[in-house]
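# Understanding the architecture of this molecule
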Amino acid sequence: MSGALPAQLEELVEDFTAVPEEDKLQLLLEFSRSLPELPARLGEHPEELEQVVECQSPLFLAVEWDDGAEPGPETPVRLFFSAPAEAPTTRGFASILHEGLDGLPARQVLEIPDDLPERFGLTQLVSPLRMRGMSAMLGRVKRRVRELQDA
Amino acid sequence: MGVAVENNEEFAQYAHPERLVSTQWVAEHLDDPGVVLVESDEDVLLYETGHVPGAVKVDWHTDLNRPDTRDYVDGAGFAELMSRKGISRDTTVVVYGDKSNWWAAYALWVFELFGHPDVRLMNGGRDKWIAEGRELSTEKVVPGRADYPVVERDDARARAFQEDVLAHLGEQPLIDVRSLPEYTGERTHMADYPQEGTLRGGHIPTAASVPWARAAAEDARFRSREELEAVYRDGVGLAEDDDIIAYCRIGERSSHTWFVLKYLLGYEKVRNYDGSWTEWGNSVRVPIVLGEERGEVPGAAR
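All values derive from a computational prediction rather than experimental measurement.

On to the overall build of chain A. Scanning chain A from terminus to terminus reveals 7 helices and 2 strands. For chain A, the succession of helices and strands along the chain, N to C, is α-α-α-β-β-α-α-α-α. Taking 151 residues into account, the globule formula puts the C-alpha radius of gyration at 15 Å, and chain A, at 15 Å, falls close to it. The principal-axis extents of the C-alpha atoms in chain A amount to approximately 45 × 35 × 25 Å. Considering only intrachain contacts with a sequence separation of at least 6, the fraction spanning at least 24 residues in chain A is 68%. Of the roughly 7200 Å² of accessible surface on chain A, 50% is carried by carbon and sulfur atoms.

Following this line, the structure appears as structure tokens:
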């Protein structure tokens, strides 16, 4: 384990590591239920939903600068996720990233260590293969932040 | 052994109607002590969002696969899993799941490796149950512990390994059940998406491309025998006494096709190559064909 996490993210890691093994999936399920709805302006663009062929659930992801703020590395970014109800694990991962990263400055999001998913203690319960879904999601968030900076 | 087979005209067309039950049958057997319902999904949390009342969960990653070797649990591991889930050797197990029973068929196939005498699929799976407005429960199911005997896995019955496939090349039919872009080699993965990485794209020489979903109807039930025969017998040219091996990427989608060939169409010799593309596409010196043609076996293949 290396690299300190922003406080709001560290708290989530602590929440997950604190609950006993048998309650961890339940906690992930609660996260999947609390994923905020997309704002209507984004929800109107279903064509932006990135659909992947088989085996993976569609995930909508958008990253924007904080409302009206001047773009820059210290400017907070806002994250928006959407995934169907039939994909609760995807929703759960998205919800964790939303709660942990939304509103952080762009620089801090890009500095999140890539081993973040391994820190939640879910790997054995969910399987290493499925945890890659969260790594991929984090990778996509960072890519979008970089694209936003370069725009 | 097990409870009486469902008497259902819809299933009479298939070679082994005893391997299917309808959602209605399940609804009528929720409290039958001889029946245990098993939900098996792609998404590890889907069961927790609501399941058929009384159903237990079996997850293919965390329950059926070994954490160390790339293999399935052994006889002792399976016996322990079954006992925990309240399943005895004489229990009638009914498996159902998401995505047209794709993962359910995979779980059923593993039950088959252990020779569980009576395991059936709920036709249409989870989606059909929900579409019919039937009850879902989030109540925690705590099955009474059963006493399942240790039965060693017999892979010869339904499982093929890479060496079997190599020996099979050019001799007997192979069915590739992945999507066309995977078959042609156009796609091995997409940027930033989780994939079981493979170093080469394409398919095993001579394999026919029949994406698994061609066997599933819109409502997640299996297609009629006539439609299935048009695909596999007439389309691919499978003959009655062929020795067939099906594969996909990790062996899950091909379990669905395995079930169709074995139990709906009645082919006697059908095996699932669970190493599938994630093994073949990463192996050194095995032949691969790109594009839509089935391709030839190169002379030096073996």
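Secondary structure summary: chain B contains 11 helices and 10 strands in total. In terms of C-alpha radius of gyration, chain B reaches 19 Å, essentially the compact-globule figure of 19 Å for 302 residues. Across the 302 residues in chain B, those meeting the buried criterion constitute 57%. For chain B, the share of sequence-separated contacts (at least 6 apart) that also reach a separation of at least 24 residues comes to 77%. Of the roughly 12400 Å² of accessible surface on chain B, 46% is carried by carbon and sulfur atoms.

All right, on to the packing of aromatic side chains then. All names here are of chain B. Under the defined criterion, the tally for this structure stands at 18 aromatic pairs over all chains. Judged by centre distance (4.9 Å) and plane angle (50 degrees), the rings of tryptophan 102 and tryptophan 212 are tilted. With tryptophan 102 in helix H5 (residues 98-113) and tryptophan 212 in the loop between strand S8 (208-209) and helix H9 (225-236), the pair connects residues that are 110 residues apart, well separated along the chain. Take tryptophan 102: its relative accessible area is 2%, and that puts it in the buried class. Among the residues examined, tryptophan 212 registers a relative accessible area of 5% and is labelled buried. Ring centres of tyrosine 273 and tryptophan 280 lie 6.3 Å apart, and the angle between their planes is 85 degrees; this geometry places the pair in the edge-to-face category. Of the two residues examined, tyrosine 273 and tryptophan 280, each falls in the buried class. Taken together, the ring pairs in this structure connect Trp60, Tyr72, Trp102, Trp103, Tyr106, Trp109 and Trp212 into an aromatic cluster. The ring of tyrosine 263 is capped by arginine 19, whose NZ or CZ atom sits 4.2 Å from the centre of that ring.

The subject of this paragraph is the layout of surface pockets. Looking at the largest pocket, its volume works out to about 1500 Å³. In terms of lining, the largest pocket is formed by 46 residues, of which the most central are Leu125 of chain A together with Val44, Asp59, Thr62 and Asp63 of chain B. Every element with two or more residues in the lining of the largest pocket is listed here: helix H2 (21-33), helix H6 (123-126) and helix H7 (128-150) of chain A together with strand S3 (56-57) and helix H3 (60-64) of chain B. It is H2 of chain A that provides the largest number of residues to the lining of the largest pocket, a total of 7 residues.

Now for the packing of helix H1 (residues 7-18) of chain A against helix H4 (residues 88-101) of chain A. Residues and elements named next belong to chain A. One way to put it is that H1 packs onto H4 with a least axis distance of 7 Å and a crossing angle of 135 degrees. On the basis of their axis angle, the class for H1 and H4 is oblique. Contacts between H1 and H4 involve Gln8, Leu9, Leu12 and Phe16 on the former and, on the latter, Ile96, Glu99, Gly100 and Leu101. Partitioning the contact of H1 with H4 into residue classes produces 5 nonpolar, 2 polar and 1 charged.

This brings us to the side chain of serine 32 of chain A. As for its placement among the helices and strands, serine 32 of chain A is situated in helix H2. The contact partners of serine 32 of chain A, leaving out residues within four places of it in the chain, are Pro88, Arg91, Gly92 and Ser95 of chain A.

Considered for burial, the residues of H2 of chain A that qualify are Lys24, Leu25, Leu27, Leu28, Leu29, Phe31 and Ser32 of chain A. Tucked inside the fold, the buried residues of H2 of chain A contact H1, H4 and H6 of chain A together with S3 of chain B.

It is worth spelling out the environment of alanine 208 of chain B at this point. Residues and elements named next belong to chain B. On the secondary structure map, alanine 208 appears in strand S8. You can call alanine 208 buried: its relative accessible area is 2%. For the pair alanine 208 and proline 17, spaced 191 residues apart in sequence, the C-alpha separation works out to 27 Å. If sequence neighbours within four positions are ignored, alanine 208 has contacts with Leu174, Ile175, Asp176, Tyr183, Val236 and Arg294.

A few words on the confidence of the model for chain A. Residues shown with low pLDDT carry predicted positions that ought not to be read at fine detail. Residue and element names in this part refer to chain A. Of the residues in chain A, 90% have a pLDDT of 70 or more, and the chain-wide mean is 88. The secondary structure element of chain A with the lowest average pLDDT is helix H3 (residues 40-43), at 81, and the one with the highest is helix H5 (residues 106-111), at 97. Throughout residues 51-55 the model reports pLDDT below 50, and contacts reaching past four residues in sequence, or to other chains, amount to 14 contacts.

Attention now goes to the sheet that holds strand S7 (residues 174-176) of chain B. All names here are of chain B. One open sheet accounts for 5 strands, arranged S6-S10-S9-S7-S8; its pairing is parallel. Bordering the open sheet on either side are strand S6 (159-160) and S8, each of which pairs with just one other strand. For S7 and S8, the ladder comprises 2 bridges, and the chain directions are parallel. The residue of S8 that forms the bridge with aspartate 176 is serine 209. Here helix H10 (residues 253-264) sits on the sheet and contacts strand S9 (243-247) and strand S10 (269-273); the angle it forms with S10, its principal contact strand, is near 175 degrees.

What counts as what
Residues numbered from 1 in each chain as written. Chains lettered and ligands numbered in written order. Predicted model: local features only at pLDDT ≥ 70, side-chain atom pairs only at ≥ 80, totals over all residues. Heavy atoms only, no water. Helix = DSSP H or I, 4+ residues; strand = E, 2+ residues; numbered from the N terminus. Rg over C-alpha atoms; globule rule 2.2 N^0.38 Å. Contact = heavy atoms within 4.5 Å. Areas by Shrake-Rupley, 256 points an atom, 1.4 Å probe, with all protein chains shown as cover. Buried < 20%, exposed > 50% of the residue type's maximum accessible area, 1.4 Å probe, protein only. Phe/Tyr/Trp six-rings, centres within 6.5 Å; stacked < 30°, edge-to-face > 60°. Lys NZ or Arg CZ within 6 Å of the ring centre and 35° of its normal. 1 Å grid on protein atoms, 1.4 Å probe; cavity = no way out; pocket = protein on both sides within 12 Å on 5 of 7 lines; lining within 4 Å. Points joined across faces, edges and corners; volume = space filled by probe spheres on them. Axes fitted to C-alpha atoms, helices over the stretch in contact; angles between N-to-C directions. Parallel < 35°, antiparallel > 145°, perpendicular 65-115°, else oblique. Nonpolar A, V, L, I, M, F, W, Y, C, P; charged D, E, K, R; others polar. pLDDT = per-residue confidence, 0-100. Pairing = 2+ DSSP bridges.

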